[in-house]
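Secondary and tertiary structure notes
For reference, the chains in residue letters:
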Amino acid sequence: MKWQPALFEKEVIENLLDTQFYDYVKRARTTDCQAELRRLLESGPPQWISDPHGLPLAEETDTHVCQLWYSSDYRLKGARLDGSYDGEERQQLWDELKQFIVVEGKEEGDDDEKANGDATNSK
């Protein structure tokens, strides 16, 4: 694990910490696109702040950001998302959200576009 500078300012980081988990759950519960739902559920409900552009991981082996350090006040802060679940609670939420996946009667295009080599979403 190696320290990596964030490409977002402190207020953006704080906003992500406060909202990223809740936004994920809302999107998973309200999306009408099966491909988006499958992408959201692929790795499960988030526990740690993440953004591939503003918070790039320092090493390929790193799985998530675990601590934040603010140079403005020299303090460390955990990178766990507000409201996020751990252990059995997280698994229960994940299982609940998986119930929204349509298995029978899938329509063409319901599968993840990445598998088809098309990065656009036509739904």
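The rules behind the values
Residues numbered from 1 in each chain as written. Predicted model: local features only at pLDDT ≥ 70, side-chain atom pairs only at ≥ 80, totals over all residues. Heavy atoms only, no water. Helix = DSSP H or I, 4+ residues; strand = E, 2+ residues; numbered from the N terminus. Buried < 20%, exposed > 50% of the residue type's maximum accessible area, 1.4 Å probe, protein only. Contact = heavy atoms within 4.5 Å. Polar contact = N/O pair within 3.5 Å; in protein donor to acceptor, adjacent residues only side chain to side chain. Pairing = 2+ DSSP bridges.

1. Remarks on the overall build of the chain
Across its full length, the chain holds four helices and two strands. Along the chain, helices and strands appear, N-terminal first, in the series α-α-β-β-α-α. Scored against the burial criterion, the 123 residues of the chain give a buried share of 31%. Put simply, 73% of the contacts in the chain that link residues at least 6 apart link residues at least 24 apart.

2. Let's talk about the environment of Arg75
Tracing the sequence through the fold places Arg75 in strand β2 (residues 75-78). Look past the residues within four positions of Arg75 in its chain and what remains in contact with it is Lys10, Glu14, Leu68, Trp69 and Tyr70. Side-chain polar atoms of Arg75 contact the side chain of Asp73, separated by 2.8 Å.

3. As for the pairing of strand β1 (residues 67-70)
The alternating pattern of β1 places Leu68 and Tyr70 on a buried face, while none of Gln67 and Trp69, on the opposite face, is buried. Pairing geometry for β1 and β2, over four bridges, is antiparallel. Bridged to Gln67 within β2 is Gly78. Linking β1 back to β2 in an antiparallel pair, the connection comprises four residues, with Tyr74 at a positive phi of about 55 degrees.

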